[in-house]
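Fold and contact review
Chain residues, written in single-letter form:
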Amino acid sequence: MFKTHAASGTAATLALALGAALTLAAAPAHADDKAKAMADTEKCYGVAMKGKNDCAAGPGTTCAGTSMKDFQGNAWKKVPAGSCEKTASMSSPTGMGQLKAFPEKKS
């Protein structure tokens, strides 16, 4: 009976070690996926709705979700790469999102 208990303890230790190894092996792949997703997007200024920006909402704000109005020229939203300047913006001088912050056009 003692041998069986020791063997099951060894099996449990082996299972824990295998689980830890698999977790560590998957971590770099997850980091690579996140980096690839970030590379496939771009910051697009002037397309976020009030309180829906991802970050950089100018003076008097902190970061994500703090834009004070729709289409704020200094607030950005992450969009698929290549789509920013094809996305409508009511405040942009061109009428489309911009890759850099801009002064909003007067209505």
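Thresholds applied
Residues numbered from 1 in each chain as written. Predicted model: local features only at pLDDT ≥ 70, side-chain atom pairs only at ≥ 80, totals over all residues. Heavy atoms only, no water. Helix = DSSP H or I, 4+ residues; strand = E, 2+ residues; numbered from the N terminus. Buried < 20%, exposed > 50% of the residue type's maximum accessible area, 1.4 Å probe, protein only. Contact = heavy atoms within 4.5 Å. Areas by Shrake-Rupley, 256 points an atom, 1.4 Å probe, with all protein chains shown as cover. Disulfide = S-S within 2.5 Å. Salt bridge = Lys/Arg side-chain N within 4 Å of Asp/Glu carboxyl O.

For the protein, the helix and strand inventory stands at 1 helix and 2 strands. The order of helices and strands in the protein, counted from the N terminus, is α-β-β. Put simply, the protein has 107 residues, and 23% of those count as buried. At a minimum sequence separation of 6, the contacts of the protein that also span at least 24 residues come to 47%. Of the accessible surface of the protein, which amounts to about 7,400 Å², a share of 68% is contributed by carbon and sulfur atoms.

So, about unusual backbone geometry. With a phi close to 60 degrees, Phe71 is a non-glycine residue in the positive phi region. Mapped onto the secondary structure, Phe71 falls in the loop between strand S1 (41-45) and strand S2 (76-80). Since its relative accessible area comes to 17%, Phe71 is described here as buried.

It is worth spelling out the state of the cysteines at this point. Evaluated as defined, the whole model comprises 1 disulfide. Disulfide partner of Cys44: Cys84, at an S-S distance of 2.1 Å. Where Cys44 bonds to Cys84 through sulfur, the torsion about that S-S bond is close to 80 degrees, and the disulfide is right-handed. Placement of the pair is Cys44 in strand S1 and Cys84 in the segment after S2, with a sequence separation of 40 residues. In terms of burial, Cys44 and Cys84 fall into one category: buried.

A few words on the pattern of salt bridges. Side-chain pairs of opposite charge can arise where the charged atoms are in close proximity. This model, assessed by the stated rule, comprises 2 salt bridges. Two residues, Asp54 and Lys77, come together in a salt bridge whose shortest N-O distance is 3.6 Å. On the criterion of sequence distance, the pair formed by Asp54 in the loop between S1 and S2 and Lys77 in strand S2 is long-range, its members being 23 residues apart. Under the relative-accessibility criterion, Asp54 is labelled partly exposed at 27%. For Lys69, the salt bridge goes to Glu104, with nearest N and O atoms at 2.7 Å. Highlighted residues: Lys69 in the loop between S1 and S2 and Glu104 in the segment after S2, separated in sequence by 35 residues.

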